[in-house]
Amino acid sequence: MDPRVRDDDGDGTAGGGPVGAALPLVAGVVAGLVVEVVALVVVTVLYAVGTAEGDAGSVPLALGSALLALGLAALLGWCALQLARGRQRGRVPALVWQVLQTLVALQVLLEESTGSGTWWAALGVAALGGAVGVALLTRAAGAALPHGREGETLL
């Protein structure tokens, strides 16, 4: 194991958290992911309440959307936990989500012509997704997150 990596629990894994000067960067990524988890849980609750009140045009679509949001929240929560523990394995799924949500938010911004007022939400999502995605791509974040146990491959 890399001697710069803390092993607080003594199991031979790099589970002691990120190391080095990139600790604030990784903490910022984790905070961004937590914000996204909270937003997805709120979306899930809104879908469930709307469906229960009869506001949903299609109940199966609303319930499917709620389950998708809840599943994404669980995945991002897992990613945040892995990154907070200093493990590399949460980085790629989190990065894929950042790219997808940023592209969708930018598409909403480009198509916003109805004046519905959703541009501010799309702008916030694009900014958060872009910031977290760029932070995940930095060399400092990669160096701060060891690659797991010695000899362990990511595939």
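You'll find the structure just up there.
Keep in mind the model is a prediction, meaning the values are calculated, not measured.

Engineer: Just checking my understanding: could you explain the nonpolar core for this structure?
Structural biologist: Nonpolar side chains in soluble globular proteins tend to end up buried together. Of all hydrophobic cores here, the largest spans 21 residues; its most connected members are Val-29, Leu-33, Leu-40, Leu-76, Leu-83 and Leu-136. Listed by contribution, the elements that provide at least two residues to this core are α1 (23-52), α2 (59-84), α3 (91-111) and α4 (119-137). The biggest single contributor to this core is α2, with seven residues. Ignoring any residue separated from it by four or fewer positions in sequence, one finds Leu-76 in contact with Leu-33, Glu-36, Val-37, Leu-40, Ala-94 and Trp-97.

Engineer: Is there a simple way to explain α3 in this structure?
Structural biologist: Each α-helix turn comprises 3.6 residues. Residues three or four places apart therefore point the same way. Taking 1.5 Å per residue, 21 residues should reach 30 Å; α3 reaches 30 Å between its end C-alpha atoms and fits that length. Buried residues of α3: Arg-91, Ala-94, Leu-95, Trp-97, Gln-98, Gln-101, Thr-102 and Ala-105, and no others. For α3, the angular spread of the buried residues around the axis is 160°, confining them to a single face. Seen from the open side of α3, the exposed residues pointing more than 90 degrees away from its buried face are Val-92, Leu-103, Val-104, Leu-110 and Glu-111. As for α3, its buried residues are in contact with α1, α2, α4 and α5 (139-144).

Scoring rules and cut-offs
- Residues numbered from 1 in each chain as written.
- Predicted model: local features only at pLDDT ≥ 70, side-chain atom pairs only at ≥ 80, totals over all residues.
- Heavy atoms only, no water.
- Core = buried A, V, L, I, M, F, W, Y, C linked by side-chain atoms within 4.5 Å.
- Buried < 20%, exposed > 50% of the residue type's maximum accessible area, 1.4 Å probe, protein only.
- Helix = DSSP H or I, 4+ residues; strand = E, 2+ residues; numbered from the N terminus.
- Contact = heavy atoms within 4.5 Å.
- Expected span 1.5 Å × (residues − 1).
- Arc of directions from axis to C-beta.

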